[in-house]
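Each chain is listed here by its residues.
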Amino acid sequence: MIRVLIADGLRLTREALSVVLASEPGMHVVAQVPRGDEIVPQALRTRPTVALLDADLPGLDGISAAEQLKAALPPCRIVILAALERASALRAALEVGVEGFVSKGVSVKELTDSVRKVARGERVLDPRLVTDALHAPDNPLSERDRELLRLAAHGHTPQEIAEVLHLSPGTVRNNLAAINRKVGARNRIEAIRTASARGWT
């Protein structure tokens with residue numbers, strides 16, 4: 001029996017996936033979670049064989065959640081569901097050891113086949129996402145840039161970011177302006193959106 005945990009921020013999607021997978025012979029949905037930071041606690045309680053994680057989860061993104069899940073429950077195999085514009089996250093997903101990386105545009109049959117293959121120990125990589133990832137630009141952001149953007153994305157002002165990182169507010173503003181140039185954004189909000197969509201943060 002393949003025990004499946006589903007993580008998706010949208011209730012309708014989560015419940016639809018659950019109905020589809022639960023109707024498959026030999027599959028049993030043991031948990032559904034709406035947030036990335038709820039995955040590990042639920043997985044430790046329910047011991048899934050396969051975790052099906054949306055790449056864009058609230059609380060904690062799918063890649064970071066996958067990394068935590070690998071550390072907490074190594075036997076659990078992981079499939080990331082990603083939109084085509086998140087193809088650049090493929091490299092990060094492979095670095096944390098996920099077994100599957102599948103487009104949200106797959107058919108029901110492709111999805112259930114992917115879950116079965118991953119449960120058997122195979123690796124499943126959606127060729128559309130692989131092609132897009134190969135043509136995606138490299139991440140231009142340094143670790144400090146990513147840290148600044150993460151804090152800005154959580155609503156911190158340059159003054160607050162300066163205090164957290166022990167920098168001057170002027171340095172933070174200059175760094176944020178440099179990040180805008182690196183990602184081709186006109187402002188901080190656009191930079192956060194672009195970097196997040198490309199899996200750079």
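Just so it is clear, the structure is predicted and the values come from calculations on it, not from any experiment.

Things to note about the packing of helix H2 (residues 39-46) against helix H3 (residues 62-72)
Orientation of H2 relative to H3, taken along the N-to-C sense of each, is 35°, at an axis distance of 9 Å. Along this stretch, H2 crosses H3, giving a crossing that reads as right-handed. Residues Ile39, Val40, Ala43 and Leu44 of H2 lie in contact with H3, whose contacting residues are Ala65, Gln68, Leu69 and Ala72. Broken down by class, the residue content of the contact of H2 with H3 amounts to seven nonpolar, one polar and no charged.

Looking at the environment of Val164
Inspection of the secondary structure assignment puts Val164 in helix H8 (residues 158-165). In this structure Val164 comes out as partly exposed when scored by relative accessible area, which is 47%. With 109 residues separating them along the chain, Val164 and Ala55 place their C-alpha atoms 28 Å apart.

Comments concerning the sheet that holds strand E6 (residues 124-125)
In a beta sheet, neighbouring strands are held together by backbone hydrogen bonds and run either parallel or antiparallel to one another. Taken in spatial order, the six strands of this open sheet run E2-E1-E3-E4-E5-E6, and their pairing is parallel. For this open sheet the edge positions go to strand E2 (27-33) and E6, each flanked by a neighbour on one side alone. H2 contacts strand E1 (2-7), E2 and strand E3 (50-54) of the sheet and is inclined by roughly 160° relative to E1. Contacting E3, strand E4 (77-82) and strand E5 (100-103), H3 runs over the sheet at an angle of about 180° to E4.

Observations regarding the confidence of the model for the chain
Mean pLDDT over the chain stands at 88; residues scoring 70 or higher make up 92%. When the elements of the chain are averaged for pLDDT, helix H6 (residues 127-135) gives the smallest value, 65, and E1 the largest, 98.

Side note on the side chain of Ser18
For Ser18, the location among the structural elements is in helix H1 (residues 11-22). Judged by its relative accessible area of 11%, Ser18 falls in the buried class. Non-local contacts of Ser18, meaning those with residues more than four positions away in its chain, are made with Ile6, Val29 and Gln32.

So, helix H5 (residues 108-119)
Taking 1.5 Å per residue as the helical rise, H5 with its 12 residues ought to reach 16 Å, and the 17 Å between its terminal C-alpha atoms agrees with that figure. Among all positions of H5, only Leu111, Thr112, Ser114, Val115 and Val118 are buried. For H5, the buried positions fall inside an angular range of 155° around the axis, keeping them on one side.

What counts, and at which threshold
- Residues numbered from 1 in each chain as written.
- Predicted model: local features only at pLDDT ≥ 70, side-chain atom pairs only at ≥ 80, totals over all residues.
- Heavy atoms only, no water.
- Axes fitted to C-alpha atoms, helices over the stretch in contact; angles between N-to-C directions.
- Helix = DSSP H or I, 4+ residues; strand = E, 2+ residues; numbered from the N terminus.
- Left-handed = near helix turned anticlockwise from the far one by under 90°.
- Contact = heavy atoms within 4.5 Å.
- Nonpolar A, V, L, I, M, F, W, Y, C, P; charged D, E, K, R; others polar.
- Buried < 20%, exposed > 50% of the residue type's maximum accessible area, 1.4 Å probe, protein only.
- Pairing = 2+ DSSP bridges.
- pLDDT = per-residue confidence, 0-100.
- Expected span 1.5 Å × (residues − 1).
- Arc of directions from axis to C-beta.

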